[in-house]
Amino acid sequence: MESVGYLLCRIWMLFLLFWLGQGRQIAPPGFVQSSCRSRIFWMKLNKLLLQGKFFQLEINDPYAGPVLLDEKLASRCGYVLSEDVWGNPVFRASVLGCHVANEADELFSLTVNIKVSSFASMRAAVTYTYPMYCSYSSWAPREIVCEENYMEVSVKTDVPAVSNDYTVAWMSALPETQNVAYQLWQLMFVSPSGRKRIMVSDAAKLGYSFNNTLYRVYLRAPYHSNESDISTVNGVNMNLVTSTSMYRQRWLLMLIDTTVSCPLDGTSFTDTTLTWTVPSVIPTLVLQESTFLSKNIVMGVDGQVIVNPEENNFLLEHNKTHIGITIPIGAEGGKLKSSVSCGVYGIIYSIDLFLEHTWTDADWQTTKYTVIKSITTPFMPQIPTVINNTLPEERIFNIAFGHFLPDVSLVSITIGNVPFTLREAQHHGYKIYETSFSNGTKGFILEVSFDDPYVLKEYVNRNETKYTLLVNYTLSVGPEMVLYYHSAEVECVIADIVIPEATGYCDEENLYLAIPGFGLHQYWNLYLGAKLLNRHMALTNGYLAASNSTHLVLQIPLFAVGVIYEEVSFQKIKARFDVALRKVRTMETLQIFSVSCNFNSSAFIICHPDGTIMISAQMKTVPAIDMSKTKLRDSSCKPKEYNKGHAFFMFHVTTCGTSVRFEGDHIVYENEISYERETLPGRSQPKITRDPDYRLTVSCYYRAKETVMLGTFVSEPSTSRPFGSGTMVPRSNIAVYRRIRKALNVVSKVSKNESFMDFYEPDEAILKRPMESVFLEVELKDESPDAELYLDNCWVTGSLDFNSAPRWNITVDGCEIKSSEYVAEFLSVAASPRVRHPSHFKRLAVRTLTHQLEQVYVHCLVAVCSPGSPCRGQCSLSKEKKGHHSASLQGYILAGPVQIVDPDLR
């Protein structure tokens, strides 16, 4: 009879399934995958066929028809609807689920309707009916399943109801059994709040599911119900439902322990691994721990048993307290997903694990304990790297940007400040392509030429260019397509600049420099001393500049400003012209371009920066004169060299009767070359001479501002002081007389004491102790009795050079200056047999306060005011308000050297 009933039941189930499938469509190929794994139905939907669509699941009840699956129904009836790590919808169902057709606890079937629509309201939905079958007969006396949203325990009904030992809990439940209704199952829950006995129908309202099959009784409970409790077992939080299922007949009272406990956490993470821990022994499930014996532990990924975990680099280990599963981040079977958090790129790893632990104990013989858990790591930042694979010889930036998961794509780039889409970048000439790495990640390669206009270029060091590529990447990250931005800066320095080499040559009157034009004004400039040699300066100094496609050619006249005279002798000049090549930005000198030549010149005047004047004079007279008898104003100043038609003089501006005057912004020093005529004795006056009356005026012009500047600041070693410009003008006696009247003739002497009666001779040494005064007298000669002499500006140096430094001012604008080094005091001048005109004299006492120099010189710029011309008064002698008026004549005097000696040496 039993076999006939079994056959009729199977026929009825097949007829029902056939009836339910009428009017339904068959799912397209590849849309649904299903399997039976242990005692659970598994169904997976292909997400690619659901893109842009909405879906719902209905469970076909064999008696009541389709039932829409929602969260409450799922947890009560043993269903799970979630996604796998790849985003595919996954449906799992217990074979003891509410709507599962059960044949003798061995054959199980479940039919699911998959409704797909293009609308959220699910109108016009297409329904695919999908039946699933499962065969499972290896039931353990007690089986516990810990799913994502429910806990399930099933027990064989032939298990003895009451244990011989540890019956305290059971005996405490006996009073409750007196109220158990006949032939009805009831449940009793024990929780911290007390005991609660309810009917099965009431338990369903609370989210529980209780039922019995042919051979088994099962209870399904949601997590965190009011009847549950949280306990900690070996560091793992467990959700516990303590319950007893009760059934009473007149001759029978059945009590079945349906207690269930499942882990709530137990996961931990490092940078490289995740670990899932489950207690080995759960006290509420093993009452007699001394009889506990672990029989088998199996792990799996995505529902598939992993027979040899070590082959996948998985670690499955257990001891008396714990079972641990350790998975490397990124291991096969799980999924890495890109993410962005607070603007930072990172990854998340997810994996679906399950653990099946089988043990025995004295109460339950065998328990099969299955836990299914989806684990997702926290966000793990992964800072992308920029790898510079640039090959300088190819002049192309090659940058690898990674490492990224396959769910990251490059959207656009910005070079400098210019954004490009990928299409625009390719059109512009940039190369962008993906590359794969050995660890399964990918990167993006960007190639940009050094010569691209958006690449920054900077001239560095001596002959190198620093190329800088600024790039900002925009990427789309993950299935959510979140935008992520990353900037990078890559530099490459290569020696690709050739420092120019100049070529120099000369003709009879000029020096020439031919300089390659590449890089001028872009990388470097030309400097004459400390001044930029530009077109304006070239024109001002009388240079000629010509350029072609390759070179700049400078023509420098022999006697132009900036020419350096290395050697000057009779009828020969060795001249040099230097130009410095300096960096535009740093002013660093890289090269000195120099041209040096020898010139033969019969007549010239050279005004050296130190005040030395060199003159080669050519005097063409009829009849010819004896050049050995030529002289300067001071008749003791004779030519250094001479021949029949030339004479060569060399003297300092402070000697040989040289006069000084100011002309605009120039200081002009003048002297005369004249000839001492010989006279023949005659019988009557005047005397007869055959020599011509010939005079040659020579002048040197120095820029006053440059002179002051050079006297105040220390120049660079490569900076030469400016030469003056000179002229030679032959004049008649009358012209010479007129010119002399325009020159200022002043002399200076040093008195031995304040009486100004006894003076040092020119070749006599002047010795003074510190703090001892030097008495200086300046006399104006050959001027109008009404003219008045003023000492305008006076200073002390250690050299006779007008421009020497350091210098200490002792009078400024005619006023005494009292400093910590030197003190000056004007002294009055009275008329005497030697002093006919006191206004032509000025006397000054200079006292040394510190012994800084071994010898000193006193320099003064003097001025003469004639009647009717405005002039400022002397500070110490006049109450007249100082004003800046120009005197009619100006000059310069030099006194010294004065030797400063220690008191015991004199």
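None of these values were measured; they are calculated from a predicted model. (Residues numbered from 1 in each chain as written. Predicted model: local features only at pLDDT ≥ 70, side-chain atom pairs only at ≥ 80, totals over all residues. Heavy atoms only, no water.)

Enquirer: Would you mind showing me how to read the overall build of the protein chain here?
Expert: Scanning the protein chain from terminus to terminus reveals eight helices and 68 strands. Sorting the 906 residues of the protein chain into buried and exposed places 47% on the buried side. As displayed, the protein chain has an accessible area near 45,600 Å², and 53% of this comes from carbon and sulfur atoms. (Helix = DSSP H or I, 4+ residues; strand = E, 2+ residues; numbered from the N terminus. Buried < 20%, exposed > 50% of the residue type's maximum accessible area, 1.4 Å probe, protein only. Areas by Shrake-Rupley, 256 points an atom, 1.4 Å probe, with all protein chains shown as cover.)

Enquirer: What is the right way to read the confidence of the model for the protein chain from this model?
Expert: Caution is warranted with low-pLDDT regions, since their predicted coordinates should not be read in detail. Here the protein chain averages 84 in pLDDT, while 84% of its residues score no lower than 70. A low-confidence stretch, residues 15-23 (pLDDT under 50), is modelled with four contacts involving residues beyond four sequence positions or located in other chains. Confidence over residues 706-721 falls short of pLDDT 50; this stretch has 22 contacts with residues more than four positions distant or in other chains. (pLDDT = per-residue confidence, 0-100. Contact = heavy atoms within 4.5 Å.)

Enquirer: What exactly am I supposed to notice about the nonpolar core here?
Expert: As a rule of thumb, nonpolar side chains are buried together in soluble globular proteins. Grouped together as the largest cluster of nonpolar side chains are 84 residues, with contacts concentrated most on Ile327, Tyr369, Ile413 and Tyr473. The greatest single-element share of this core, amounting to seven residues, is contributed by strand β27 (residues 344-361). In terms of nonpolar packing, the next biggest core, distinct from the first, is built from 38 residues, Leu520, Tyr543, Leu558 and Phe593 among them. (Core = buried A, V, L, I, M, F, W, Y, C linked by side-chain atoms within 4.5 Å.)

Enquirer: Could you clarify how one ought to interpret the side chain of Thr326 in this entry?
Expert: Examined against the element boundaries, Thr326 turns out to sit in strand β25 (residues 322-328). Among the residues examined, Thr326 registers a relative accessible area of 15% and is labelled buried. If near-sequence neighbours (up to four positions away) are discounted, Thr326 is found in contact with Thr273, Leu274, Thr275, Asn313, Phe314 and Leu315.

Enquirer: What should I look at first to understand the packing of aromatic side chains in this one?
Expert: We describe a pair of aromatic rings using the distance from one ring centre to the other and the angle between the two ring planes. According to the stated counting rule, one finds 30 aromatic pairs in the structure shown. Relative to Phe404, the ring of Phe401 has its centre 5.1 Å away and its plane inclined at 70°; by these criteria the two rings are edge-to-face. Take Phe401: its relative accessible area is 0%, and that puts it in the buried class. Centre to centre, the rings of Phe450 and Tyr467 are 4.7 Å apart; their planes meet at 20°, and the pair counts as stacked. Separated by 17 residues along the polypeptide, Phe450 in the loop between β35 (442-449) and β36 (456-460) and Tyr467 in strand β37 (residues 464-477) bring together distant segments of the chain. Of the two residues, Phe450 and Tyr467, both sit in the buried class. Through successive ring pairs, a cluster of aromatic residues spans Tyr345, Phe401, Phe404, Phe444, Tyr473 and Tyr484. Against the face of Trp42 rests Arg92, its NZ or CZ located 5.0 Å from the ring centre. Geometry around Tyr760 places Lys752 over its ring, the cationic atom sitting 5.5 Å from the centre. (Phe/Tyr/Trp six-rings, centres within 6.5 Å; stacked < 30°, edge-to-face > 60°. Lys NZ or Arg CZ within 6 Å of the ring centre and 35° of its normal.)

Enquirer: Please clarify how the sheet that holds strand β2 (residues 40-45) should be interpreted in this entry.
Expert: Two strands in a sheet stick together by hydrogen bonds in their backbones, pointing the same way (parallel) or opposite ways (antiparallel). With antiparallel pairing, four strands are arranged side by side in an open sheet as β1-β2-β6-β5. Edge positions in the open sheet fall to β1 (32-37) and β5 (79-83), since each of these has one partner strand only. Across the sheet, the axes of successive neighbouring strands diverge by a mean angle of 15°, strand direction being ignored. Where β1 meets β2, six bridges bridge the pair, whose relative direction is antiparallel. Counted as the bridge partner of Cys36 is Phe41 from β2. (Pairing = 2+ DSSP bridges. Axes fitted to C-alpha atoms, helices over the stretch in contact; angles between N-to-C directions.)

Enquirer: Is there a simple way to explain the sheet that holds strand β44 (residues 551-557) in this structure?
Expert: Ordered in space as β39-β40-β44-β43, the four strands form an open sheet in which the pairing is antiparallel. Bordering the open sheet on either side are β39 (503-506) and β43 (544-547), each of which pairs with just one other strand. Averaged over all adjacent pairs, the angle separating strand axes in this sheet is 15°, with direction ignored. Across four bridges, β43 lies against β44 in antiparallel orientation. Note on β44: the bridge partner recorded for Ala546 is Val553.

Enquirer: Mind showing me how you'd approach the side chain of Asn113 here?
Expert: Considering the arrangement of structural elements, one finds Asn113 in strand β8 (residues 107-117). Looking at Asn113, the relative accessible area reads 0%, which means it is buried. A polar atom in the side chain of Asn113 sits 3.0 Å from the side chain of Thr129. (Polar contact = N/O pair within 3.5 Å; in protein donor to acceptor, adjacent residues only side chain to side chain.)

Enquirer: Please explain the pairing of strand β13 (residues 194-199) as it appears in this structure.
Expert: Each regular strand carries side chains that alternate between the two faces of the sheet. Bridge count between strand β12 (residues 185-191) and β13: six bridges; the pairing is antiparallel. Counterpart to Ser191 in the pairing with β13 is Gly194.

Enquirer: Just checking my understanding: could you explain the environment of Glu227 for this structure?
Expert: In this structure, Glu227 sits in the loop between β15 (216-221) and β16 (229-233). Here the alpha-carbon distance between Glu227 and Val190, two residues 37 residues apart in the chain, equals 7.2 Å.

Enquirer: Whenever I open this one, the pattern of salt bridges confuses me. Can you help?
Expert: Side chains that differ in charge, positive against negative, can pair when their charged atoms come close. Taken as a whole and judged by the stated rule, the model has 25 salt bridges. With a closest N to O distance of 3.6 Å, Lys115 and Glu58 form a salt bridge. With a gap of 57 residues between them, Lys115 in strand β8 and Glu58 in strand β3 (residues 54-61) connect regions that are remote in the sequence. Like Glu58, Lys115 is buried. Note that Lys337 is salt-bridged to Glu480, the shortest N-O span being 2.9 Å. Taken together, the positions of Lys337 in strand β26 (residues 335-341) and Glu480 in the loop between β37 and β38 (482-494) put the pair 143 residues apart, joining distant regions of the chain. For Lys337, a relative accessible area of 28% gives the class partly exposed. (Salt bridge = Lys/Arg side-chain N within 4 Å of Asp/Glu carboxyl O.)

Enquirer: Honestly, the environment of Thr586 in this entry has me stumped. Any pointers?
Expert: One can find Thr586 in the loop between β46 (572-583) and β47 (589-599). Distance in space between the C-alpha atoms of Thr586 and Trp524 is 9.4 Å, their sequence separation being 62 residues.

Enquirer: Even after reading the chapter, I still don't get the state of the cysteines, so can you show me in this structure?
Expert: Two cysteines form a disulfide when their sulfur atoms are joined by a covalent bond. Going through the model one piece at a time under the given rule, you end up with seven disulfides. The partner cysteine of Cys146 in its disulfide is Cys262, sulfur to sulfur 2.0 Å. Across the S-S bond of Cys146 and Cys262 the torsion is about -80°, and the bridge reads as left-handed. Taken together, the positions of Cys146 in strand β10 (residues 142-146) and Cys262 in strand β19 (residues 260-263) put the pair 116 residues apart, joining distant regions of the chain. Across the pair, Cys262 and Cys146 agree in class, each one buried. (Disulfide = S-S within 2.5 Å.)

Enquirer: Sorry, what's going on with a nonpolar patch on the surface here?
Expert: On the surface, Val411, Leu483 and Tyr485 cluster together into a nonpolar patch covering about 280 Å² of accessible area. Tracing the chain through its elements places Leu483 in strand β38. On the basis of relative accessibility, which here comes to 41%, the residue Leu483 falls in the partly exposed class. (Patch = residues over 30% accessible without salt bridge, like charges linked within 9 Å, V, L, I, M, F, W, Y side chains within 5 Å.)

Enquirer: Before we go on, may I ask you to explain unusual backbone geometry in this structure?
Expert: When glycine is set aside, most residues are seen to have a negative phi, and most peptide bonds are trans. Cis peptide bonds are those with omega within 30 degrees of zero, and the linkage from Gly402 to His403 qualifies with 0°. The topology assignment puts His403 in strand β31 (residues 396-404). In the segment running from Gly896 into Pro897, the intervening peptide bond is cis, with an omega of 5°. For Pro897, the location among the structural elements is in strand β68 (residues 889-900). Positive phi values are uncommon outside glycine, yet His521 reaches one of about 70°.

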